[in-house]
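For reference, the chains in residue letters:
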Amino acid sequence: MSKNVTEIAEELVIPIAKDMNLELVDIEFKKEGKNWFLRVFLDKPEGIDIEECGQVSEKLSEKLDEIDPIDMPYFLEVSSPGAERPLKTKEDFIKQTGKHIYVKLYEPMENEKEFEGTLVQFEDDIATIEIRIKSRKKQLEVPFDKIAKANLAVTFN
């Protein structure tokens, strides 16, 4: 089986990101309207700036041109994942402990499939999330394999 575009891009971008002390957060290859986009999301603890995105874009573009894995026109975008960055790996959950997150589950827990709250801890593949139900707080233990999607959530106080 041949590798898909995102797998190839990941193999090419990881060494570039590592050299620049950046973390690969996500890669997507998708069609929007009639155009295809290869999007690479990178970050580092203090945040990534536009110059770093430009440097990665140039280096990755050269590598992609060398092996030419995409047989259609596309746009390459390299950017920060933004304030609502996705949480994809167990390491992401561990790093974001104490932060406000949004999770969507594959199947309901407590009659709900979506929760927003504070990630209290991530241990033994269980995310403990403190949620608010009206005026009271409750801790919910969510197994990692039940999480369909998760990301940081912006709160306005």
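Here's a quick rundown of the structure.

Thresholds applied
Residues numbered from 1 in each chain as written. Predicted model: local features only at pLDDT ≥ 70, side-chain atom pairs only at ≥ 80, totals over all residues. Heavy atoms only, no water. Pairing = 2+ DSSP bridges. Helix = DSSP H or I, 4+ residues; strand = E, 2+ residues; numbered from the N terminus. Axes fitted to C-alpha atoms, helices over the stretch in contact; angles between N-to-C directions. Patch = residues over 30% accessible without salt bridge, like charges linked within 9 Å, V, L, I, M, F, W, Y side chains within 5 Å. Areas by Shrake-Rupley, 256 points an atom, 1.4 Å probe, with all protein chains shown as cover. Salt bridge = Lys/Arg side-chain N within 4 Å of Asp/Glu carboxyl O. Lys, Arg positive; Asp, Glu negative; His and termini not counted. Charge placed at Lys NZ, Arg CZ, Asp CG, Glu CD. Contact = heavy atoms within 4.5 Å. Parallel < 35°, antiparallel > 145°, perpendicular 65-115°, else oblique. Left-handed = near helix turned anticlockwise from the far one by under 90°. Nonpolar A, V, L, I, M, F, W, Y, C, P; charged D, E, K, R; others polar. Phe/Tyr/Trp six-rings, centres within 6.5 Å; stacked < 30°, edge-to-face > 60°. Buried < 20%, exposed > 50% of the residue type's maximum accessible area, 1.4 Å probe, protein only. Lys NZ or Arg CZ within 6 Å of the ring centre and 35° of its normal.

Pairing in this open sheet of 5 strands is antiparallel, and the strands run S7-S6-S5-S4-S8 from one edge to the other. The sheet is open, and its two borders are formed by strand S7 (136-143) and strand S8 (147-152), each paired with just one other strand. Across the sheet, the mean angle separating the axes of adjacent strands is 40° when strand polarity is ignored. Note that strand S4 (residues 100-109) and S8 share 5 bridges and pair antiparallel. Across the sheet, leucine 105 pairs through a bridge with isoleucine 147, a residue of S8.

Judged by side-chain charge, Glu58, Glu62, Asp65, Glu66, Asp68 and Asp71 come together as a negatively charged surface patch. Within the fold, aspartate 71 resides in the loop between helix H2 (50-67) and strand S3 (75-79).

Under the definition given, this model contains 14 salt bridges. Across the pair glutamate 23 and lysine 95 runs a salt bridge whose closest N-O atoms are separated by 3.5 Å. A residue pair is termed long-range when its members are at least 10 positions apart, and glutamate 23 in strand S1 (residues 23-32) and lysine 95 in helix H3 (residues 90-95) qualify at 72 residues. The partner of aspartate 92 in a salt bridge is arginine 85, and the shortest N-O contact between them spans 3.7 Å. One salt-bridge network, in which partners are shared between bridges, spans Glu23, Asp43, Arg85, Asp92 and Lys95.

With that settled, consider the sheet that holds S1. Read across the sheet, 3 strands follow the order S1-S2-S3 without closing on themselves; strand pairing throughout is mixed. At either margin of the open sheet sits one strand with a lone partner, and together these are S1 and S3. The sheet shows a mean angle of 15° between the axes of neighbouring strands, taken without regard to direction. Where strand S2 (residues 35-43) meets S3, 5 bridges bridge the pair, whose relative direction is parallel. Pairing of phenylalanine 37 across the sheet is with phenylalanine 75, part of S3. H2 contacts S2 and S3 of the sheet and is inclined by roughly 145° relative to S3.

The next thing to look at is the packing of helix H1 (residues 5-19) against H2. Between H1 and H2, whose axes approach to 10 Å, the crossing angle comes to 135°. As the angle between them shows, H1 and H2 are arranged oblique. Classified by chirality, the crossing of H2 by H1 is right-handed. Counting all contacts with H1, which are made through Ile8, Ala9, Leu12, Val13 and Ile16, the residues of H2 involved are Val56, Lys59, Leu60, Lys63, Leu64 and Ile67. Considering only residue class, the contact of H1 with H2 consists of 9 nonpolar, no polar and 2 charged.

On to the packing of aromatic side chains, then. Inspection of the entire model under this criterion finds 6 aromatic pairs. Look at phenylalanine 29 and tryptophan 36: their rings are 4.7 Å apart centre to centre, the planes differ by 25°, and that puts the pair in the stacked class. For tryptophan 36, a relative accessible area of 25% corresponds to the partly exposed category. When the ring of phenylalanine 29 is compared with that of tyrosine 74, the centres are 6.4 Å apart and the planes differ by 75°; the resulting orientation is edge-to-face. On the criterion of sequence distance, the pair formed by phenylalanine 29 in strand S1 and tyrosine 74 in the loop between H2 and S3 is long-range, its members being 45 residues apart. Of the residues examined, tyrosine 74 reaches a relative accessible area of 24% and is grouped as partly exposed. Aromatic rings pair up to connect Phe29, Trp36 and Tyr74 into one cluster. Cation over ring: arginine 39 sits above phenylalanine 37, and NZ or CZ is 4.5 Å from the ring centre.

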